[in-house]
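# Fold and geometry: a report
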Amino acid sequence: MGVLDRNEFTVIAGPCAVESEEQIFQAAAAIAAQGVGILRGGCFKPRTSPYAFQGMGVVGLRLLREAAKAHGLRSITEVMDVETLDLIASQVDILQIGSRNMQNFSLLRAVGRTQKPVLLKRSFSATYRDLLDAAEYIVAGGNEQIILCERGIRTFEPFTRNTLDISAVPVLKELCRFPVIVDPSHASGLTRLVTPLTLAALAVGADGAMIEVHPCPEGALCDKEQALSFGQFGELMDSLRLMAPTVGRAMPLGSLLAR
Ligand code: PEP
Ligand code: MN
């Protein structure tokens, strides 16, 4: 098996940012109960404003690791710079390169030298070729465990936060061998669009999706307009479980705990 099981539709879920012990443990329990295997949670956050919540840093990393471990999950968090890479790589299972850093070539080379899987998010202004060239920097470092992520691009449409470029999925799958997932949360910026866009991603051949989920979306410190509550996440997982077999994908069963 490669970095992701291609027979499955892999869901990665969790809050935008780790905010507290209680929050990340509750999120870990809820997603584990849905059969999801990978917990996300930003610890070093790339915020547009320097005055916005920047993440819990090192403490957040420890909480993410402990919450994932307590529920038998793998963990993923964003790496923003080369300085914090070794520390982060020692704490999580998958490294995330965010949209804003997709062409940070020194960071790409550095994650290429690690043995960790890397989720590479498409920049909101990158062409498919730019994304594939960025992935090649990681490969050049010796690391081929790459997952590409379409997370929406900037267009003239202001209604949604970004515009999900659904064509990216079949095109990237045609052009490269890496698994391709979709992030409908950052693509739309709107909770109510997350489920339809995830189902579209499944239909068009994506290998998975990364979804922002929060125990109390209205109180989230980051990206609250796009977070799913546990109930909404459960409904999304139910829809995926119904649809996945029709496109030849397996989905993990949720446990009774999640009902
Ligand atoms: C994220 O997934 O936490 C994130 C910041 O997304 P992006 O880099 O796509 O904006
Ligand atoms: Mn976010």
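Everything below is about the structure shown above.
Just so you know, these numbers come straight off a predicted model, no measurement behind them.

## Here's the deal with the site of ligand 1
Taken together, Arg40, Lys45, Pro46, Glu78, Gln96, Gly98, Ser99, Arg100, Lys121, Arg151, His186 and Met210 form the complete shell of residues around ligand 1. Here an oxygen atom of ligand 1 and a side-chain polar atom of Lys45 are 3.1 Å apart. Interatomic distance of 2.9 Å between a side-chain N/O atom of Gln96 and an oxygen atom of ligand 1. Protein contact buries 96% of the 300 Å² of open area that ligand 1 shows by itself. A per-class count over the shell around ligand 1 returns two nonpolar, four polar and six charged.

## Quick look at the environment of Ser49
Here Ser49 shows up in the loop between strand 2 (38-40) and helix 2 (57-70). Side-chain polar atoms of Ser49 contact the backbone nitrogen of Tyr51, separated by 3.0 Å.

## Section: the pattern of salt bridges
Overall, the coordinates contain eleven salt bridges when judged by the stated rule. With its nearest N and O atoms 3.5 Å apart, the salt bridge here joins Arg62 to Glu66. Residue Arg62 and its partner Glu66 are both found in helix 2; the two are separated by four residues, about one turn of the helix. Relative accessible area serves as the criterion here: at 29%, Glu66 is assigned to the partly exposed category. With a shortest N-O distance of 2.6 Å, Asp183 and Lys121 are connected by a salt bridge. With Asp183 in the loop between strand 7 (180-182) and helix 7 (184-188) and Lys121 in strand 5 (residues 118-121), this pair connects stretches of sequence that are 62 residues apart. Judged by relative accessible area, which is 1%, Asp183 ranks as buried. Connected through salt bridges with shared partners, the residues Arg122, Glu150 and Asp165 form a single ionic network.

Reading guide: rules and limits
Throughout this description, residue numbers start from 1 for each chain and increase along the sequence as written. Naming scheme: in the order in which they are written, chains are lettered from A and ligands are numbered from 1. Predicted model: local features are reported for residues with pLDDT of at least 70 only, side-chain atom pairs are reported and counted for 80 or more only, and whole-chain, interface and lining totals are derived from all residues. Excluded from the side-chain calculation are hydrogens and water; included are all heavy atoms of the structure. Throughout, near means a residue has at least one heavy atom within 4 Å of the molecule or strand. Polar contacts, as counted here, are pairs of nitrogen or oxygen atoms within 3.5 Å of one another; within protein the pair requires one atom able to donate a hydrogen and one able to accept it, and residues that are adjacent in sequence qualify only if both atoms are side-chain atoms. Surface exposure here means Shrake-Rupley accessible area, sampled with a 1.4 Å probe, where a residue is shielded only by the protein chains that are shown. All residues other than Ala, Val, Leu, Ile, Met, Phe, Trp, Tyr, Cys, Pro, Asp, Glu, Lys and Arg, Gly among them, are scored as polar; the first ten of these are nonpolar and the last four charged. In this description a helix means any DSSP run of H or I spanning at least four residues, a strand means any run of E spanning at least two, and both kinds are numbered starting from the N terminus. The salt bridge criterion pairs a side-chain nitrogen of Lys or Arg with a carboxyl oxygen of Asp or Glu, the two atoms within 4 Å. Only protein chains enter the accessibility calculation, which uses a 1.4 Å probe; a residue whose area is less than 20% of its type maximum is buried, one above 50% is exposed, and one in between is partly exposed.

Treat this as a map of the structure, not an account of what it does.
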